[in-house]
Amino acid sequence: MTRFHVVIAGGGNAGLCAAITAASAGATVCVIEAAPKGWRGGNTRHTRNMRVAHDEGNGILTGPYPVEEYMEDLLRVTAGNTNQELATITLERSKELWDYLAEQGVHYQPSLGGTLSLGRTNAFFLGGGRSMLNALYRTAESLGVVIHYDAKVTSLDIQDGVFNSATVTHGWQSDSPEESTIEGRAFIAAAGGFEANIEWLKEAWGTAAENFLIRGTPYNRGEVLRQLLDAGVASVGDSKQCHAVAIDGRAPKFDGGIVTRLDCVPFGVVLNAHGQRFYDEGEDFWPKRYAIWGRLVAAQPDQVGHVIIDSKSIDLFMPSVFPPLKADTLEELAQLTGLPADAMVQTIDAFNHACQGANFDHTEYDDCHTVGIEPAKTHWARPIDKPPFYAYTLRPGITFTYLGVKIDSNARMIMANGRNSGNLYAAGEIMAGNVLGQGYLAGIGMTIGSVFGRIAGESAANAVLN
Amino acid sequence: MGVCNACRYCEGLCAVFPAMELRRQLSGPDVDYLANLCHSCGACYFDCQYAEPHEFAIGVPTVLADLREESYARYAWPGFLAPLFERNGLWVALITAFSVTVFVLGFILFSNPGVLFASGSEEGAFYRAMPHNTMAGLFGSVFLYSIIAMVLSVRKFWRASESQGSASWRSIWQATRDAAKLRNLEGGGMGCMHKSETPSNARRVAHHFTFYGFLLCLASTSTATVMHYLFGVQAPYPWWSPTVILGVLGGIGLILGPIGLLGVKKGSHSALRPVSGSGMDVAFLVMLLATSVTGLLLLFFRATPAMGILLAIHLGVVFALFLTMPYGKFVHGLYRYVSLVRHAHEQAGDKQ
């Protein structure tokens, strides 16, 4: 049996911000990380930036991003489905994060190639999320935080909303796992969502979930979340919703991360397994549509889509990590992709004849659209007629889930009976649903993680030290 | 590299990634260029979400380290000497041993055997052991040969990959500053991660000692030439002469630097090391160390009977160093500098 002031489940951005804050305040802190060291940090390892409010640009951030504008953006993407008080705290305190993280050893860089639109609003970590994590781990270790890798919280001893101890299985993936009990005077849950738990996803999506790809860590299985809900903590967010985006269908089952994105949809047509189109590919710019396409593809037979483009467009988007299938005729391409050739050729012929407009410009809403077909393609519609032809596969890629624990402004969990918990706190994806009821805003997940990581660390340390 | 081009998180770490992004397809000479642009700071390995244990197993510094060693052989002049880069450590050791032996025997055979145990710090003492014209002629020609071999190698390297127009003075100046500061060994600002994900400045500092030590030694030799030919003063030179002061400072740099680099190398992470075991790094560092140690020993013991033999050994080592320069790790500096020039050039062109 070991004893700490603060026990934290999860060693990602939120957990480490909490650990660093609590340890800096003088608390003894232990972090239980389910992944081995090489995989540490949950989905933070796949991130690259954080959306932060600021009144002036700073040389790297290219201009001001006031809290008011940030709030407008948040209200727009969530359609108002947010806890206003917690949202205000998140955005207000996001102003402190640039300097705070820099003090913990995190470096920044100008926005990366292909992401210029985020250069004003988002702070990009030099070297990406894993580099950021390395810095946070270094700082946490230097403050004496004890970190257990490859350690899983198998059960939580919580009585009437008061945490006593956690049973932890060390080396849980090995042949000789060992159990230990870690006592704490406060518990911070920063263990992410349940997006890697296919069984849980199937509760909402049925067997279709078996064809989902998980973009991030396989360690976000939602076990801590389930234990907290079972212990009577109030939930927040739609249990059936997850953030699903359309990604390259050849991505690995887990941890494919950023390189599996595919930006080519607006340049061609997307066919389902029957060779039919099913949605307007040119409705809006891809960064504003990729999240919708995850659901669209999930609703198609076999949860798959095929993007067909021709040689006019092949160099207009970021190169994908997986090369496209390539053929000189549509019939050959149909064979390569396994699509019914007749249906595919017919769909593309109809599409080609429906294309109108001559001023193609993929950087603005141009006048290239279709007339007389359903569904229409409203922008960037050009006939697919210049061989060679290319095909990419789309699958739904799950980024995160919305279900979480309900918290107050001190990051303290609220029980299902409406009362405050005794010493339970939460930070990061496991409570992001309080702020992000639906939708997503690039980089806000990390903001919520750092802001509430710090708040949870402060609150827990205050409670146990005073 | 497909993964890197689709990810781009490392864009700010060093020159390699912006250079990679300019090329959708990488051809042979472009790969050699990127390999030599890489300073092997390791940041992109420890920051990489796709490095092992990820199934993509991306290891940019490892791949580039191997390609870099291969590229040295590819551009060697004359081409038939390229195999010297394989098992480089062995070749350098053999050549050095041979060279030192020849100098010692030469002292015995061509002057009287007594000079080997002669002492002397008075003017002209060295040249009683070996006539000045012989020494100058011998070292002048090996130096000239090395320069020619290296110039031709670098020319081949520069011409191998296409560039738009010739490099401007501005690009050359930019590359010179980058090289002088080892800017690309900083991992974008965090520091070099030669050992683990915890950055350290040890490698950069040790390299600075080595590099600037080498330059000071070069300056020392140059002042000696000036003293000899312009002022007619013969070696050995007094303690206060620029030759000795620069030589001692340079020698100290060339002792501390290589020892530091050997230490760093020993503790370096396997992801930063080439898979092939040519031994060229260690060979070159040991040669530099041998040069400085024998040089300083000669300085300290030149008034004793050890002068003759120390002079023979020092000259043997220096001769071997010059001779092996175009066929050893020394060339890394040349190709890297040229790559930095190309990088500055294409980045400037990119912005126009």
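Per-chain numbering applies: the sequence of each chain, read as written, is numbered from 1 onward. Each chain is given a letter, starting from A, and each ligand a number, starting from 1, according to the order in which they appear as written. Selection of residues for local features in this predicted model requires a pLDDT of at least 70, selection of side-chain atom pairs for listing and counting requires 80 or more, and totals for whole chains, interfaces and linings are taken over all residues.

S.K.: Any details on the overall build of chain A? Residues and values, ideally.
M.R.: Under the DSSP-based scheme used, a helix requires at least four consecutive residues in state H or I and a strand at least two consecutive residues in state E, with every element numbered from the N terminus. Secondary structure assignment for chain A yields 11 helices and 21 strands. Radius of gyration means the value over C-alpha atoms here, while the globule rule gives 2.2 Å times the residue count to the 0.38 power. The C-alpha atoms of chain A give 24 Å as radius of gyration, which agrees with the globular expectation for 466 residues (23 Å, within 12%). Along the longest, intermediate and shortest principal axes, the C-alpha atoms of chain A span 75 × 50 × 40 Å. For chain A, buried positions account for 54% of its 466 residues. Each residue gets a C-beta atom placed from its backbone, and two residues are in contact if those atoms lie within 7 Å. Taking the intrachain contacts of chain A between residues at least 6 apart in sequence as the baseline, contacts between residues at least 24 apart amount to 73%. As a rule, residues whose C-beta atom has 12 or fewer other C-beta atoms within 10 Å are exposed, those with 20 or more are buried, and those in between are partly exposed; C-beta atoms are placed from the backbone.

S.K.: Can you break down helix α5 (residues 129-142) of chain A residue by residue, with the values?
M.R.: Between its terminal C-alpha atoms α5 of chain A stretches 20 Å, which fits the 20 Å expected from 14 residues at 1.5 Å a residue. The element α5 of chain A is extensively covered by neighbouring structure, given that 11 of its 14 residues are classed as buried. Here the buried face of α5 of chain A lies against α1 (13-24), β5 (122-125) and β6 (146-148) of chain A together with α4 (43-46) of chain B. Backbone geometry just downstream of α5 of chain A places Gly144 of chain A in the positive-phi region, at approximately 85°. Here a helix's expected span is defined as the number of its residues, less one, multiplied by 1.5 Å.

S.K.: Can you tell me about the interface of chain A and chain B, naming the residues and giving the values?
M.R.: The partner chain B presents 26 residues to the 26 residues of chain A that form the contact. Here the side of chain A that touches chain B gets five residues from one element, more than from any other, and that element is α5 of chain A. Ten residue types, Ala, Val, Leu, Ile, Met, Phe, Trp, Tyr, Cys and Pro, are classed as nonpolar, four, Asp, Glu, Lys and Arg, as charged, and the remainder, Gly among them, as polar. Residues belonging to the side of chain A that touches chain B are distributed by class as follows: nine nonpolar, 12 polar and five charged.

S.K.: Requested: an account of helix α2 (residues 67-78) of chain A, with residues and values cited.
M.R.: Over its 12 residues, α2 of chain A runs 16 Å from end to end, which matches the ideal 16 Å to within 8%, given 1.5 Å per residue. Positive backbone phi, approximately 50°, marks Ala79 of chain A, located one or two places after α2 of chain A.

S.K.: Can you break down the packing of helix α6 (residues 88-110) of chain B against helix α12 (residues 280-300) of chain B residue by residue, with the values?
M.R.: All names here are of chain B. Running from amino to carboxyl end, α6 crosses α12 at an angle of 30°, the nearest separation of the two axes being 7 Å. Classified by the interaxial angle, the pair formed by α6 and α12 is roughly parallel. With respect to the hand of their crossing, α6 and α12 are arranged in right-handed fashion. Where α6 approaches α12, its residues Asn88, Gly89, Val92, Ala93 and Thr96 are matched on the opposing element by Met280, Val282, Ala283 and Met287. Counted by class, the contact of α6 with α12 contains six nonpolar, three polar and no charged residues. Whenever a helix is involved, its axis is fitted only over the stretch in contact; in every case the axis is a line through C-alpha atoms, and angles between N-to-C directions fall within 0 to 180 degrees. If an angle is under 35 degrees, it is roughly parallel; if it is over 145, roughly antiparallel; if it lies from 65 to 115, roughly perpendicular; otherwise it is oblique. The handedness criterion is simple: a crossing whose near helix is rotated anticlockwise from the far helix by less than a right angle is left-handed, and one whose near helix is rotated clockwise is right-handed.

S.K.: Talk me through the environment of Ala73 of chain B; I want residue IDs and the actual numbers.
M.R.: Residues and elements named next belong to chain B. When you line up the elements, Ala73 lands in helix α5 (residues 60-74). Through-space distance from the C-alpha of Ala73 to that of Phe46 is 29 Å; in sequence the pair is 27 residues apart. Here Ala73 is in contact with Ala82 and Phe85, once residues within four sequence places are set aside.

S.K.: With reference to specific residues and values, describe the sheet that holds strand β3 (residues 49-51) of chain A.
M.R.: Residue and element names in this part refer to chain A. Only strands joined by at least two bridges in the DSSP assignment are considered to pair. Spatial strand order, β3-β5-β4: three strands in an open sheet with antiparallel pairing. Of all the strands in the sheet, the pair left with one neighbour each is β3 and β4 (108-109). By the bridge criterion, two bridges tie β4 to β5 in an arrangement that is antiparallel. Counterpart to Gln109 in the pairing with β5 is Phe124.

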